[in-house]
Amino acid sequence: MRKYVIMGVQGSGKGTQSQLLREEFDLVHISVGDIFRWQVRNHTKIGAQVKRIMAAGELVGDDLVESVVRRRLDQHDWNYGFIIDGFPRNGRQAEFFMESYDIDAVIHLELPDDEVRRRVLSRRLCPNCGMDYNLIADRPEQEGRCDICGHELVTRADDTPEALEARLRDYHEKTRPVLELFRRKEVVHDVDGRPPLEEVQQAIRTTLGLPPYKG
Ligand SMILES: [Zn+2]
C-alpha cells in the first residue's frame, strides 16, 4: 500500500501529477478542493457552508477541511493506497496524520512564485463549454476564442493578480510549518515543478523508487 501527500502551490501541476500516479498505481486521489467543489455542486450541507465562507471572501477553516478528509478516509476504499492533496493544513494536523496513517512520502512540487504568476495569470476559460486554455502551453487556435464552441474566452474570476497574491501568501504561511514537521520525519521529496509534466512525473517516480513512467 502506498500513502502519499502531495504539496505544491496552485499551478504547480499537483492535480495532473496526482492523476498520473493514481491511474498507474490504483491510488485513490483525495483532493480537498475537488471534495468541496462536489459538495457545492450537489447542494449538501457542507456545500452550503463552503459557499457562505467563500461568498464572504474567506478561506475554508482547517477544522472543516480536517473533518471532510477524515470522513473521506473513513470510507476505506483505498485498497492500494491514496494520494492526498490539500491536507494537512497545519502542524497539528500533520502530526496526527503522520501517526494515524503512517505516510510513506510527501511529494513537494517546487515552483518559484514568479513561475506560478506566469502560469496562473495566463489561464483562460470558455464560460460556455468549460474548456480550459493556457496562453503559454495550450493556446486556442484563434486568439480569444474557444476551439470547441467558438465562444469568447474569459479569465477566471479568482485569477486576478490580487487574489493570486493572497493565495500565495496563504499557501506559504500554511505550508511552512507542515513541511518543517514532515522534514523532521524525513519523508519529504522535493521535486522541481518547472520542467514539462512528463519529466516531473519521471522525477517523482525516481525519487519514490517507483517503476518508470512510460507516458
Ligand atoms: Zn467552448
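Everything in this summary refers to the structure shown in the same document. Every value quoted in this text rests on a predicted model; they were computed, and no experiment measured them. The residue numbers shown here count from 1 along each chain, following its written sequence. At least 70 in pLDDT is required for a residue's local features to be given in this predicted model, at least 80 for side-chain atom pairs to be given and counted, and no such filter applies to totals for whole chains, interfaces and linings, which use all residues. Side-chain numbers here rest on the full set of heavy atoms in the structure, without hydrogens or water.

## Some details on the environment of Glu198
Helix and strand assignments come from DSSP, with helices taken as H or I runs of at least 4 residues and strands as E runs of at least 2, each series counted from the N terminus. Relative to the elements of secondary structure, Glu198 occurs in helix 8 (residues 197–208). Spatially, the C-alpha atoms of Glu198 and Gln75 are 31 Å apart, while their sequence positions differ by 123 residues.

## Considerations on helix 3 (residues 45–55)
A turn of α-helix holds 3.6 residues, and therefore any two residues three or four places apart point the same way. Ile46, Gly47, Val50 and Ile53 are the residues of helix 3 that are buried. When helix 3 is viewed along its axis, its buried side chains cluster within an angular range of 125° and face the same direction. Exposed side of helix 3, more than 90 degrees from the buried face: Lys45, Arg52 and Ala55 are the residues found there. Only protein chains enter the accessibility calculation, which uses a 1.4 Å probe. A residue is then buried if its area is under 20% of the maximum for its type, exposed if over 50%, and partly exposed in between. By construction, the arc corresponds to the directions joining the helix axis to the C-beta atoms.

## Describing the packing of helix 5 (residues 91–101) against helix 7 (residues 161–184)
Only C-alpha atoms enter the line fits that serve as axes; for helices the fit covers just the stretch in contact. Angles between N-to-C directions range over 0 to 180 degrees. For the pair helix 5 and helix 7, the least separation of the axes is 8 Å and the interaxial angle reads 35°. The element helix 5 and its partner helix 7 pack so that their crossing is right-handed. Contacts between helix 5 and helix 7 involve Gly91, Ala94, Glu95 and Met98 from the former and Val178, Leu181 and Phe182 from the latter. Residues are grouped as follows: Ala, Val, Leu, Ile, Met, Phe, Trp, Tyr, Cys and Pro are nonpolar; Asp, Glu, Lys and Arg are charged; all remaining types, including Gly, are polar. Looking at the contact of helix 5 with helix 7 residue by residue, the classes come out as five nonpolar, one polar and one charged. Each helix crossing is assigned a hand: it is left-handed if the near helix lies turned anticlockwise from the far helix by less than a right angle, otherwise right-handed if that turn is clockwise. The contact criterion used is simple: two residues touch if any of their non-hydrogen atoms lie within 4.5 Å.

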